[in-house]
Amino acid sequence: MKHELLDQRALAMERRVAEKLRADPALLARAQATLERWLRTVSPQARPALLEWRRILDGSLEEICAMLESTDERATRLRQSSPFCGILSREERTTIIQTHRTHEPHST
């Protein structure tokens, strides 16, 4: 699977997370707890990205959602270590995966 397709799928998931956060800001606590748990066990190489997420999560809800929905290079990089896992239901994830799978070119 091409990186571009993976990036598009990750963006779609994060945009859905942003929608859910706007509807229920209490979900942010789950991401914060996940992040703190990861920071206790993370490798030194992964730590900078998680600390960057910590600064983002200290911002306003709209700033957090803007990052989740952004297509810039920083947001694309940070999606690889997003602490928002567990926010989407299995059904939501499956729908997004299936939607983006249909855009995958067939190999010959």
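To be clear, the structure that these remarks concern was listed above.
Report follows, based on the coordinates. Please read these numbers as outputs of a predicted model, since none were measured by experiment. (Residues numbered from 1 in each chain as written. Predicted model: local features only at pLDDT ≥ 70, side-chain atom pairs only at ≥ 80, totals over all residues. Heavy atoms only, no water.)

**Some points on the environment of S82**
Now for step 1: By the secondary structure assignment, S82 is in the loop between helix 5 (73-78) and helix 6 (90-101).
Now for step 2: Through-space distance from the C-alpha of S82 to that of L50 is 8.3 Å; in sequence the pair is 32 residues apart.
Now for step 3: At a separation of 2.8 Å, a polar atom in the side chain of S82 contacts the side chain of E14. (Helix = DSSP H or I, 4+ residues; strand = E, 2+ residues; numbered from the N terminus. Polar contact = N/O pair within 3.5 Å; in protein donor to acceptor, adjacent residues only side chain to side chain.)

**Observations concerning the side chain of S70**
Now for step 1: Here S70 is to be found in the loop between helix 4 (61-69) and helix 5.
Now for step 2: Ignoring any residue separated from it by four or fewer positions in sequence, one finds S70 in contact with L11, A75 and R79. (Contact = heavy atoms within 4.5 Å.)

**Here we look at the packing of helix 3 (residues 47-57) against helix 4**
Now for step 1: In contact at an axis separation of 8 Å, helix 3 and helix 4 are set at 135° when each is read in the N-to-C sense. Classified by the angle their axes make, helix 3 and helix 4 are oblique. Across the interface between the two elements, W53, I56 and L57 of helix 3 pack against I64, M67 and L68 of helix 4.
Now for step 2: Here the residues of the contact of helix 3 with helix 4 are counted per class, giving 6 nonpolar, no polar and no charged. (Axes fitted to C-alpha atoms, helices over the stretch in contact; angles between N-to-C directions. Parallel < 35°, antiparallel > 145°, perpendicular 65-115°, else oblique. Nonpolar A, V, L, I, M, F, W, Y, C, P; charged D, E, K, R; others polar.)

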